[in-house]
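Residue-level structure breakdown
One letter stands for each residue in the lines below.
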Amino acid sequence: MSANPGNKLNAWKPTPPDRGSFPLDHFGDCTEQMKKYLACLKIVRNENAPNCRLLAKGYLECRMQNELMDRVKWSELGLPDDAKVDKNATNEK
Amino acid sequence: MSAILRVIGPLGPSRHMSRFTLNRCMCLPLFVPARLISSTSTRFQDARPQEPQSQSQMPRMSSEEFQKLYQQHKLKKQKERTRTAANYSMSLGLIFLALAFGSVPLYRAICQRTGWGGTPMTDASKITPDKLIPVNTNKKIRVSFTAETSSMLPWKFVPQQREVYLVPGETALAFYKAKNTSDKDIIGMATYSVTPDHVAPYFNKIQCFCFEEQKLNAGEEVDMPLFFFIDPDFASDPAMKNIDDIVLHYTFFKANYGADGDTLVPVVAKTSE
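These numbers were taken from a predicted model, which means no experiment stands behind them. (Residues numbered from 1 in each chain as written. Chains lettered and ligands numbered in written order. Predicted model: local features only at pLDDT ≥ 70, side-chain atom pairs only at ≥ 80, totals over all residues. Heavy atoms only, no water.)

1. Describing the state of the cysteines
Residues and elements named next belong to chain A. Under the convention used in this document: Working definition: a disulfide is two cysteine sulfur atoms within 2.5 Å of each other. Note on conventions: DSSP H or I runs of at least 4 residues are helices, E runs of at least 2 residues are strands, and numbering of each starts at the N terminus. Here the term buried applies to any residue with accessible area under 20% of the maximum for its type, exposed to any over 50%, and partly exposed to those in between, with areas from a 1.4 Å probe on protein chains only.
Taken as a whole and assessed by the stated rule, the structure comprises two disulfides over all chains. Between cysteine 30 and cysteine 62 runs a disulfide, and the two sulfur atoms are separated by 2.0 Å. Residues cysteine 30 and cysteine 62 are joined by a disulfide whose S-S torsion is about -95°; by sign, that bridge is left-handed. Of this pair, cysteine 30 sits in the segment before helix 1 (31-43) while cysteine 62 sits in helix 2 (residues 50-65), and the two are 32 residues apart along the sequence. Of the two residues, cysteine 30 and cysteine 62, neither departs from the other in class, the shared state being buried. In this model, cysteine 40 is linked to cysteine 52 through a disulfide, with the two sulfur atoms separated by 1.9 Å. Where cysteine 40 bonds to cysteine 52 through sulfur, the torsion about that S-S bond is close to -95°, and the disulfide is left-handed. Within this pair, whereas cysteine 40 is found in helix 1, its partner cysteine 52 is found in helix 2, the two being separated by 12 residues in sequence. The connectivity of the disulfide-linked cysteines in chain A, indexed sequentially, is 1-4, 2-3.

Structure below.
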């Protein structure tokens, strides 16, 4: 992939993702959350802003609910926990 | 037998033997049992004055006997030696054979653990929560998204956002959209590349849609998410100081199930057509 003669002998290979692959959302269960997230990104001009990250969290939550993703702790995904975000929400995790 | 050896002494012509043996007998009083000493000394004392006769009879006999015994002894020793050597060489061969067979999983295990020779470390526990803490810096890195499909794949594959600005350690979600514009169910498989190349070890994908078959039904359009982050060590690496632009490129290939029905094989364009 890198035809760089002066470079180190790094034969870099693409690596599989650490948590595996996302199953395809054939039925569009989480399209709403995705649209919201993309709209947010447009507003902040593609900065990975905290509010957009919350929408990303919402999207992943939708995926987990529809069994399109394994349920993992938010800290493992680098997203803020529910308890910190919303004090009124029931502590799910 | 050892007693006889002690009596007879080293190899040599029969003429000198009696003299040698006499000396030997005198020198080894401790090792020879008492009854033997008396018997041998008397034997040789008798033999000495009658030297020519005893030499003609007994030493020749004993010399042949001795030779025979010595040959036997030598053969036995040789057999033992060859057996030992054979054992050693066989065990050595077995060790190397075992090493040859076990080298593949062993190598894989070691490389996976240490990341030797650029082996990708796909250990899920590598992404620990402490790696996902955003680095406290103002400099944001721009991650651009590009997409490509193979000519054999009639899919429309585009990124849904041109770029994302983020800080190392911050996780980000990105989307690609794929539409199967043909009238058949097609299986595709994606691979990716990160430019510049030396950023690649820092680019960690938590979850994406690559490396596994993605089947799109005819005319179906699907959103493909990608969840990734840049390792926080990126910020402390001096070689990465000037990098603030990363391009993530995804390529989709068409894949078919091979003849055995199990393995996914990429479909490449035939050049001789």
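More follows now that the structure is in view.
2. Re a nonpolar patch on the surface
To be explicit about the condition: Like-charged residues are merged into a patch within 9 Å and nonpolar side chains (Val, Leu, Ile, Met, Phe, Trp, Tyr) within 5 Å, provided each residue has over 30% relative accessible area and no salt bridge. For accessible areas, the Shrake-Rupley method is used with a probe of radius 1.4 Å. Any residue's cover is judged against the shown protein chains and nothing else. We count a salt bridge whenever a side-chain nitrogen from Lys or Arg sits within 4 Å of a carboxyl oxygen from Asp or Glu.
Taken together, Met90, Leu94, Leu97 and Phe101 of chain B make up a surface patch of nonpolar side chains, about 490 Å² in accessible area. Residue classification places leucine 97 of chain B among the partly exposed residues on the basis of a relative accessible area of 48%.

3. Quick word on the packing of aromatic side chains
The test is simple: Pairing of aromatic rings covers Phe, Tyr and the six-membered ring of Trp, with a centre-to-centre limit of 6.5 Å; geometry is then stacked below 30 degrees between planes, edge-to-face above 60, and tilted otherwise.
Across all of its chains, the model carries 16 aromatic pairs over all chains by this definition. Centroid distance tyrosine 37 of chain A to phenylalanine 175 of chain B: 5.9 Å. Interplanar angle 65°. Geometry classified as edge-to-face. In this pair, tyrosine 37 of chain A sits in helix 1 while phenylalanine 175 of chain B sits in strand 4 (residues 171-180), so the two residues belong to two different chains. By relative accessible area, tyrosine 37 of chain A is classed as buried at 0%. Ring centres of phenylalanine 157 of chain B and phenylalanine 252 of chain B lie 4.8 Å apart, and the angle between their planes is 90°; on these two criteria the pair is classed as edge-to-face. With phenylalanine 157 of chain B in strand 2 (residues 155-159) and phenylalanine 252 of chain B in strand 9 (residues 245-257), this residue pair connects regions lying 95 residues apart in the sequence. Judged by relative accessible area, phenylalanine 252 of chain B falls into the buried class, the value being 0%. Members of the aromatic cluster, connected to one another through ring pairs, are Phe145, Trp155, Phe157, Tyr176, Tyr192, Phe203, Phe209, Phe228, Tyr250 and Phe252 of chain B.

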